[in-house]
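# Architecture and fold: a report
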Amino acid sequence: MVDERAAALVAALSGRGETVAAAESLTAGLVCATLAQVPGASAVLRGGLVVYATELKTRLAGVDPELLAEHGAVHPEVAAQLAEGARERCGATWGLGLTGVAGPAAQDGVAPGTVHVGLAGPGTRTPRLSGARVAEPPDRGEASFVTVRTLALSGDRDLIRTESVRAAFALLGEHLA
């Protein structure tokens, strides 16, 4: 079954001639898999990085290892760097980064349901969300912004992961409107 939000994103991105990529921790590829169910997704979905293991966040997505050592894998800045890494490494217009705790137990003192969703995109829009910051990606040479939304979700692992994907789609959708 095709997710309506994913279909709307694919249509919006396609209409704009833009692309998306994701670096996913707690969702383990669910963002990309959900988008890929939509006919025509190949025109907009560049790819994704499943970075479930902490060291892969650095190795594949470029997250600062000192950030991970100091704050752990579930932190807003980790989500921001995951989004930037996905955008840069996959050559996409937009990057999504997701990290969090699906449960049932806490991780490094972080409660289940704590999720950080990052979005990195072109600097053609002024960031509207709290936690937004302006960045200059080193390899792209163009202005961009990164914003992070922090969620406190409840439910079982499947529900937390599903709601995290929905939140990522909503965040991107806000910036495509």
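Quick look at the structure, then. (Residues numbered from 1 in each chain as written. Predicted model: local features only at pLDDT ≥ 70, side-chain atom pairs only at ≥ 80, totals over all residues. Heavy atoms only, no water.)

## Quick word on the pattern of salt bridges
Our working definition: Each salt bridge in this description consists of a side-chain nitrogen of Lys or Arg and a carboxyl oxygen of Asp or Glu lying within 4 Å of one another. A 1.4 Å probe rolled over the protein chains alone gives each residue an accessible area, and that area as a share of the maximum for its type sets the label: buried under 20%, exposed over 50%, partly exposed in between. Working definition: helices are DSSP H or I runs of at least four residues, strands are E runs of at least two. Numbering for both runs from the N terminus.
In the structure shown here, the tally under the stated rule is four salt bridges. Among the ionic pairs, Glu-88 bridges to Arg-89, the shortest N-O distance being 3.9 Å. Arg-89 sits in the partly exposed class, given a relative accessible area of 42%. For the salt bridge of Arg-149 with Glu-174, the shortest nitrogen-to-oxygen distance reads 2.9 Å. Residue Arg-149 is found in strand E6 (residues 144–152), and its partner Glu-174 is found in helix H6 (residues 157–176); the two are separated by 25 residues along the sequence. Judged by relative accessible area, Arg-149 falls into the partly exposed class, the value being 24%. Take Glu-174: its relative accessible area is 26%, and that puts it in the partly exposed class.

Just geometry here; none of it tells us what the structure is for.
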